[in-house]
Amino acid sequence: RPRPRSHRPALPQGCSEPAGREPRLRDTPEDICFEATANAIALHPARPLLAAGDVDGDVYLYSYSCTEGENRQLWSSGHHLKSCRDVAFSQDGQKLFTVSKDKSVHVLTVEEGRLETRFPKAHSSALNCVLPIDNHIFATGDDGGALKVWDLRKGDAILEARQQEEYISAMAVDGNGKILLTASGDGTLGVFNVKRRRFELLSEPQNGDLTSVVLLKRGKKVACGSSEGTIYLFNWDGFGAASDRFALRAESVDCMVPITDSIVCVGSLDGVIRAVNVLPNRVLGCVGQHLGEPVEQLAVAPGGQLLASCAHDQKVKFWDVSALRGLVVDDYRKKKKKGGPLRALSSKAAGSGEDFFADLRDEAEPEAAAGSDSD
């Protein structure tokens, strides 16, 4: 394996544009291509910056732009010895947290990619996910079901728990930074109180691995994706049992991000990124796709206009999701043929070429039953 490489200078400005030609503006930034599969991506909370971690353990920072030829690699870091599994920006956007299969947690400066803090043997199992809670406190989850909450000021963990039997796939925290939720491969949702530094409860196991967890409806609902292609809904004050479930016509729900208070985008094994409305439960259509390549992670840009996705095709792609923000989905639903193609929701989604939003209010995708026709 090549020795860790640190900071590469940015490319000279304007090197890709022939003189005298106006650079073309696009709806979305161009794809960013990697030498290895990117497992994890994150978008900066305030600036057009994308961080990515790949299966070789390398971490990259790019600036992205809708102007053609203006995506730039700003730096790369090769400090991880094994696959980088997750990356996350701190809330103030000054630090980048990365976790790896090599059991280490790294904290890098966003400006120059300098390794500021390192926890070399942070967990006893390979790390899988990281979540900043405030500017000093962050949480990590591993392949063995263990959770740790860390305080950078103390330089150590302030909460350690292993309540779940399988890997921690994803985490979410409420707006006050008090209640931390962990989705696990054992099908349970874990609830922890960060302020009191204690475990609260586990949900009953759902079918399949829980792969993702997001807060919706102003924090009153929690949605979890599962490897079986079902979204499970929990009430905020009722984590013991799911209050509702919604089976998508998808092989799996591998990752999920909220776009609005009611709409999430989900990535699947089939490479399709679906927009889904929660309560009423509808598949609205397809936002984009990595054809036949499983989607690893999704990230939303500040303002909610752009969605980024990474998949096994070694590309990060960008999708325009601005139209989703204005959608209203009625309870009323017209009959629609089961098993029809997914409605295209962006100009880059397969099979599009016209505006599909005009009749979406009254012709939303039918609620999918388990075992119905596939896409």
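Residues numbered from 1 in each chain as written. Predicted model: local features only at pLDDT ≥ 70, side-chain atom pairs only at ≥ 80, totals over all residues. Heavy atoms only, no water.

**Quick word on the packing of aromatic side chains**
- This model, assessed by the stated rule, comprises 10 aromatic pairs.
- Between Tyr64 and Phe318, the ring centres sit 5.1 Å apart and the planes meet at 35°, which makes this aromatic pair tilted. Linking Tyr64 in the loop between β4 (59–63) and β5 (72–77) with Phe318 in strand β28 (residues 315–320), this pair joins segments that are 254 residues apart in sequence.
- The class for Phe318 is buried, based on a relative accessible area of 0%.
- Residues Trp236 and Phe239 carry aromatic rings whose centres are separated by 5.1 Å and whose planes lie at 80° to one another, so their mutual orientation is edge-to-face.
- Trp236 sits in the partly exposed class, given a relative accessible area of 25%.
- Ring pairing ties together the aromatic residues Phe97, Phe119, Phe138 and Trp150, which thus form one cluster.
- One residue, Lys348, lies across the ring of Trp319, its end atom 4.8 Å from the ring centre. (Phe/Tyr/Trp six-rings, centres within 6.5 Å; stacked < 30°, edge-to-face > 60°. Helix = DSSP H or I, 4+ residues; strand = E, 2+ residues; numbered from the N terminus. Buried < 20%, exposed > 50% of the residue type's maximum accessible area, 1.4 Å probe, protein only. Lys NZ or Arg CZ within 6 Å of the ring centre and 35° of its normal.)

**Examining the side chain of Thr37**
- By the secondary structure assignment, Thr37 is in the loop between β1 (32–33) and β2 (38–43).
- Setting aside chain neighbours within four positions, we find Thr37 in contact with Gly53, Asp54, Val55, Ala311, His312 and Gln314. (Contact = heavy atoms within 4.5 Å.)

**Thoughts on the UniProt feature "repeat: WD" (unreviewed entry) in the protein**
- Mapped onto this numbering, the UniProt entry gives "repeat: WD" (unreviewed entry) at residues 295–329.
- End C-alpha atoms of residues 295–329 are separated by 26 Å, and the span's content is 0% helix alongside 51% strand. (UniProt positions renumbered as here; feature names shortened; annotations may be inferred.)

**Some remarks on the pattern of salt bridges**
- Following the criterion strictly, the structure yields 10 salt bridges and no others.
- Of the charged contacts in the structure, one is a salt bridge between Arg72 and Glu70, with a shortest N-O distance of 3.8 Å.
- One salt bridge connects Lys148 with Glu160, and the closest N-O pair in it is separated by 3.8 Å. Highlighted residues: Lys148 in strand β12 (residues 147–151) and Glu160 in strand β13 (residues 156–161), separated in sequence by 12 residues.
- The class of Lys148 is buried, set by a relative accessible area of 16%. (Salt bridge = Lys/Arg side-chain N within 4 Å of Asp/Glu carboxyl O.)

**A look at the nonpolar core**
- Ranked by internal contacts, the top residues of the largest apolar core, which has 20 residues, are Ala223, Ile231, Leu248, Met256, Val264, Val266 and Val276.
- Secondary-structure elements contributing two or more residues to this core are β18 (210–216), β20 (230–235), β23 (263–267), β24 (272–277) and β25 (282–289).
- The residues touching Ile231, leaving out its near neighbours within four places in the chain, are Ala223, Cys224, Asp244, Arg245, Phe246, Leu248, Val253, Met256, Val266 and Val276.
- Judged by nonpolar contacts, the second largest core, of 18 residues, contains Cys255, Cys265, Val329 and Leu345. (Core = buried A, V, L, I, M, F, W, Y, C linked by side-chain atoms within 4.5 Å.)

**Some thoughts on the confidence of the model for the protein**
- Chain-level statistics for the protein give a pLDDT mean of 89 and a share of 86% at 70 or above.
- When the criterion is pLDDT under 50, residues 352–375 qualifies, and its contacts beyond four places in sequence or with other chains add up to 59 contacts. (pLDDT = per-residue confidence, 0-100.)

**Examining a positive patch on the surface**
- A contiguous patch of positive charge, built from Lys82, Lys101, Arg118 and Lys121, is present on the exposed surface.
- Among the structural elements, Lys82 can be located in the loop between β5 and β6 (84–89). (Patch = residues over 30% accessible without salt bridge, like charges linked within 9 Å, V, L, I, M, F, W, Y side chains within 5 Å. Areas by Shrake-Rupley, 256 points an atom, 1.4 Å probe, with all protein chains shown as cover. Lys, Arg positive; Asp, Glu negative; His and termini not counted. Charge placed at Lys NZ, Arg CZ, Asp CG, Glu CD.)

**Regarding the pairing of strand β11 (residues 137–142)**
- A large share of β11 lies buried, amounting to six of its six residues.
- Taking the residues between adjacent antiparallel strands as the criterion, strand β10 (residues 127–132) and β11 are bridged by four residues. (Pairing = 2+ DSSP bridges.)

**Brief notes about unusual backbone geometry**
- A cis geometry characterises the amide bond from Leu279 onward to Pro280, with omega recorded as 0°.
- Locating Pro280 in the fold gives a position in the loop between β24 and β25.
- The phi dihedral of Lys103 is positive, around 75°, even though this residue is not glycine.
- Relative to the helices and strands, Lys103 is located in the loop between β7 (95–100) and β8 (105–109).

**A closer look at the sheet that holds β4**
- Read from one edge of the open sheet, four strands run β2-β3-β4-β5, paired in antiparallel fashion. The open sheet has two edge strands, β2 and β5, and neither has a second partner. Averaged over neighbouring strand pairs, the angle between their axes works out to 20° when direction is ignored.
- Across five bridges, β2 lies against strand β3 (residues 49–54) in antiparallel orientation. Paired with Ala40 across the bridge in β3 is Gly53. (Axes fitted to C-alpha atoms, helices over the stretch in contact; angles between N-to-C directions.)

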